[in-house]
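So the chains spell out like this:
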Amino acid sequence: MIRLTMDDRTLAVPPGYTLLQAARENDIPIPTLCAHEALLPYGACRLCLVELVGARSRLVASCAYPCEEGLKVRTNSDAVIAARRTVIELLLATSAHLPIVRALAAEWGVRSPYVTLETNDCVLCGLCVRACHEIVGVGAISLTRRGMARAVGTPFQISSADCIECGTCALVCPTGAIRVEDVTRPARRAHVWQSDYARRACRLCEYEPPAMASADDDRELLGNVKREA
Amino acid sequence: MDNDVRIGVFVCECGGKISGALDVAALVEYARARLGVAWAEQANYWCLPGGVARLRAIIGAERLERVVIAGCAPRTHRTLFLRALDGIVPPPFVSVTNVRDLCARPHRGDTLAMSKARDQIAMAVADLAARPPTPPRVARITPHAVVIGGGIAGATAARALADAGIAVTLIEREPELRAHAQERLAAHPRDHLRVLTSTTVEQVGGSVGQYRLALSSGETIEAGAIIVATGEAESPIPNPTSKLAEMLHLPVDANGFIADARVRLRPTDRIERGIYVCGAAHFPCDEARAIFQAYDVAARAARHIQRGKIVNDAPFATIDATRCNGCGDCARVCPFAAITFESRASSRLAVIDALLCTGCGNCVSVCPVKAASVSSATDEQIEAQIRAAVHGSARLPVYLLFACEWSGYSAAEIAGARGLTYPANTRILRVNCTGRLSPGLLLKALEMGAAGVLVLGCAPGLCHYEQGNEHAAAVFEQADALGHLMGLDERLALKWIPPDDGEQFVQQVTDFEK
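Model, not experiment: these values are computed from the prediction.

Quick notes on helix α2 (residues 78-95) of chain A
All names here are of chain A.
Item 1. Here α2 contains 18 residues, and its C-alpha end-to-end distance of 25 Å stays within 8% of the 26 Å for a straight helix at 1.5 Å per residue.
Item 2. Of all the residues in α2, the buried ones are V80, I81, A83, R84, V87, I88, L91, L92, A93 and S95.
Item 3. Residues of α2 that are buried in the fold lie against β3 (49-52), β4 (58-61), β5 (72-74) and α3 (99-108).

Have a look at this one:
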């Protein structure tokens, strides 16, 4: 067993535990947004930051940091709370309209952020993507692009060929940003890999390719494919 | 309940998310005392490593054979528990019931919440107790691939497979391969790659992993993977391409191209058939695309063959040979072409390929003589759940909701997860597909005393099992007609729901109760 101190309590945990798991099992509250018991740690939201006290104290993401013998952890020091408040402030910048963000702001006393950005339902926690890959095993969506343009999407931003509409992404989404919509349109055609059939898409990856009425149009587009050797 | 079966009930507090709204200790006591299970216990988090270790220890110490984990969503946590209990409890006997999103969250503060929670656990226990054992099915994959069509795509795929060290036979109906195809195959040792010209495939038999192709030359070859690269079909249908597609159970679209059979199921619920299509047979394409596709399907076929064997432990359907009358309705509705026929006496017997079957239950509902049944949803299991729900711990009549995994049930979980509320005198019975239901089951629930029966399924055209929801509609109409004769039809309804629409779920339930 590994022995460590968390907020003046001595905890004993088996090897392989993360700080967050140790806290959860011992009813020590640490807020999280992107952590999930059934998914590998991701460390995106940074809400779970805790302080490792020592010669050089530092903040680490408790969801990913493994328990080590003799660690001294503080989950509510000034540094931790300041960091937490900053994270929430940044969340408020894009998503102040979301109940979960407002609840965090209320709990930690964060008011108006110093900046407002374009409103976004998605907080890029990655839960949907990780669930689709790790639990469902289909991997229909992924985090795409970088920086301000980072978004959850499908390959080439078109209707996903692999999505099985299981709704797991919508279930794990903490903000309700994902809706699975029925978009059955008989004329709808995907790109050259697939044949013509009615298709569903989630709103994130909805994409309308240019209307192609028949296989003849495709041939025209591809420059008369039929060849005689 | 069969007292020989040792069932364990493990109720999760979920870090306060469940214990904050429900009396978990009382649920554990209910399971122990009233449901007669061999063991019942609670924990803060059964899914964290500590909880899992404790779970395994208890199962070992108490020799538990089947477990119900009353916690959160099966969609997120069942895989976790299956992995944790791998080799300890067989997958069919691990049940996760979502007390958090179907009870604790939507009915917080509701006086009827506890009775719903008790009944939900009772339903899971009843279902598990009635479930028959289903060992996994294993099939070998023949380490040989067949490529049908010696054009650019076919030759590329054959060459790629041979390069990967896999024995390939390329079948071409013309007397000679075209020049560019020959080039591709030229520099390759012939022992690995056999080219048969002036040959066609006459028949395809065998089963997944061990296909048997009867050729026009009289030879029969075995293959673990088949790649169709026959090029653009001559119209109109029927033509050689469409006939081949029919033999391989591949869908053909309106223009004669072999379409993708899009299977919208979890990878764990279905197995790969090992049949692939590439090139202009699939869609108009130029040379570059044909080559690209050929490499892709060759890679997939190679991966499939290199697995060596297929293991499927998903539920599957079986036919009672003493009842089957050979009518063929089951084969007509099977979305996975898993049903074939053996001749016997003066008629024939339906045979279900246990590897291809995904356990949707469509065959069960259309069979006129009740010969078909699904291991994960036998009539006994469903009736046991109905009984646990309707004759449960509530002092008032309850509304039974038959919710399809892909629509109604999903919406119910999301409604709870989003914190919506709806009446707590509802009991949710999860089915893989509403197509599994029969009029008898719907009416039995009413007969047992349900205040109402609401069937929630996928909208037309969107059933994950092709036409399951249409069968459900037909079943419902029958039940409705019979119910009308008994004056019960107002208490029966069928609604289509999208999988993520928690609000609509709440709306439908509330409206129905009025």
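More follows now that the structure is in view.
Here we look at the interface of chain B and chain A
Item 1. Listed as interface residues are 53 residues of chain B and, on the opposing side, 49 residues of chain A.
Item 2. The contact between chain B and chain A buries some 4,400 Å² in all, and 55% of this surface belongs to carbon and sulfur atoms.
Item 3. At the junction of chain B with chain A, the criterion picks out 1 salt bridge.
Item 4. We note a salt bridge from B:R264 to A:E165, for which the minimum N-O separation is 2.1 Å.
Item 5. At the junction of chain B and chain A, the tally comes to 11 residue pairs in polar contact (both at pLDDT 80 or more).
Item 6. Elements represented by at least two residues in the side of chain B that touches chain A include exactly α2 (49-61), α3 (74-84), α9 (287-307) and α13 (408-417) of chain B.
Item 7. At 6 residues, the largest contribution of residues to the side of chain B that touches chain A is made by α3(B).
Item 8. Each residue belonging to the side of chain B that touches chain A can be placed in one class, and the counts come to 23 nonpolar, 12 polar and 18 charged.

Describing helix α6 (residues 152-163) of chain B
All names here are of chain B.
Item 1. Along its 12 residues, α6 runs 16 Å from first to last C-alpha, staying within 8% of the 16 Å computed at 1.5 Å per residue.
Item 2. In terms of burial, α6 is a largely internal element, 10 of the 12 residues being buried.
Item 3. Here α6 has its buried residues at I152, A153, G154, A155, T156, A157, A158, A160, L161 and A162.
Item 4. Summarising the contacts, the buried residues of α6 are in contact with β6 (144-148), β7 (167-171), α7 (179-186), β8 (193-196), β12 (225-228) and α9.
Item 5. Following α6 by one or two positions, G165 adopts a phi angle in the positive range, close to 85°.

Concerning the state of the cysteines
Item 1. Scanning the entire structure with this criterion turns up 0 disulfides over all chains.
Item 2. Cysteine B:C404 shares no disulfide, and the gap to the nearest cysteine sulfur, in B:C458, comes to 3.8 Å.

Description of the domain arrangement of chain B
Item 1. According to the domain assignment, chain B consists of domain 1 (1-134), domain 2 (141-311), domain 3 (316-360) and domain 4 (396-514).
Item 2. A C-alpha centroid distance of 43 Å is found between domain 2 of chain B and domain 4 of chain B.

So, the pattern of salt bridges
All names here are of chain B.
Item 1. Summed over the entire model, instances satisfying the criterion amount to 22 salt bridges over all chains.
Item 2. For D379, the salt bridge identified is with K370, shortest N-O distance 2.8 Å.
Item 3. Relative accessible area serves as the criterion here: at 49%, K370 is assigned to the partly exposed category.
Item 4. D379 serves as the salt-bridge partner of R436, at 2.7 Å between the closest nitrogen and oxygen. Taken together, the residues R436 in the loop between β20 (426-431) and α14 (439-448) and D379 in helix α12 (residues 379-390) connect sequence positions 57 residues apart.

Quick notes on the domain arrangement of chain A
All names here are of chain A.
Item 1. On domain assignment, one finds that chain A holds domain 1 (2-108) and domain 2 (127-221).
Item 2. Counting from both sides, the interface comprises 11 residues of domain 1 and, opposite them, 10 residues of domain 2.
Item 3. In total, about 880 Å² of surface goes out of reach between domain 1 and domain 2, with carbon and sulfur atoms giving 67% of it.
Item 4. Where domain 1 touches domain 2, the interface holds 0 salt bridges.

Some details on the side chain of B:E13
All names here are of chain B.
Item 1. One can find E13 in the loop between β1 (7-12) and α1 (24-33).
Item 2. In this structure E13 is buried but unpaired, with R54 as the nearest side chain of opposite charge at 7.4 Å.
Item 3. Those residues in contact with E13, other than ones at most four positions away along the chain, are I18, S19, V24, Q42, A43 and N44.

Comments concerning the nonpolar core
Item 1. Within the largest apolar cluster, 105 residues are counted, with the highest numbers of intra-cluster contacts made by B:L161, B:L213, B:I227, B:L250, B:C363, B:W406 and B:Y465.
Item 2. Contact partners of B:L213, with chain neighbours within four places excluded, come to B:V146, B:I148, B:V201, B:Q203, B:V204, B:E219, B:T220, B:I221, B:A223 and B:I226.
Item 3. Counting residues in each nonpolar core, the second largest holds 103 residues, with A:I135, B:L22, B:L85 and B:L446 among its members.

A few points about the sheet that holds β12(B)
Residue and element names in this part refer to chain B.
Item 1. Ordered in space as β8-β7-β6-β12-β13, the 5 strands form an open sheet in which the pairing is parallel. Edge strands, defined here as strands with exactly one partner in the open sheet, are β8 and β13 (275-277). Across the sheet, the axes of successive neighbouring strands diverge by a mean angle of 15°, strand direction being ignored.
Item 2. Bridging between β6 and β12 involves 4 bridges; their strand directions are parallel. Looking across to β12, one finds that A145 is bridged to A225.

Brief notes about the packing of α14(B) against helix α15 (residues 468-485) of chain B
Residues and elements named next belong to chain B.
Item 1. For the pair α14 and α15, the least separation of the axes is 8 Å and the interaxial angle reads 45°. Compared by their axis directions, α14 and α15 come out oblique. Considering only the axes of α14 and α15, their crossing is right-handed. For the pair α14 and α15, contact is made by P439, L442 and L443 and by V475, F476, Q478, A479, L482 and G483, respectively.

What counts, and where the lines are drawn
- Residues numbered from 1 in each chain as written.
- Chains lettered and ligands numbered in written order.
- Predicted model: local features only at pLDDT ≥ 70, side-chain atom pairs only at ≥ 80, totals over all residues.
- Heavy atoms only, no water.
- Helix = DSSP H or I, 4+ residues; strand = E, 2+ residues; numbered from the N terminus.
- Expected span 1.5 Å × (residues − 1).
- Buried < 20%, exposed > 50% of the residue type's maximum accessible area, 1.4 Å probe, protein only.
- Contact = heavy atoms within 4.5 Å.
- Buried area = accessible area lost by both parts, 1.4 Å probe.
- Salt bridge = Lys/Arg side-chain N within 4 Å of Asp/Glu carboxyl O.
- Polar contact = N/O pair within 3.5 Å; in protein donor to acceptor, adjacent residues only side chain to side chain.
- Nonpolar A, V, L, I, M, F, W, Y, C, P; charged D, E, K, R; others polar.
- Disulfide = S-S within 2.5 Å.
- Domains from an automatic or database assignment.
- Lys, Arg positive; Asp, Glu negative; His and termini not counted.
- Core = buried A, V, L, I, M, F, W, Y, C linked by side-chain atoms within 4.5 Å.
- Pairing = 2+ DSSP bridges.
- Axes fitted to C-alpha atoms, helices over the stretch in contact; angles between N-to-C directions.
- Parallel < 35°, antiparallel > 145°, perpendicular 65-115°, else oblique.
- Left-handed = near helix turned anticlockwise from the far one by under 90°.

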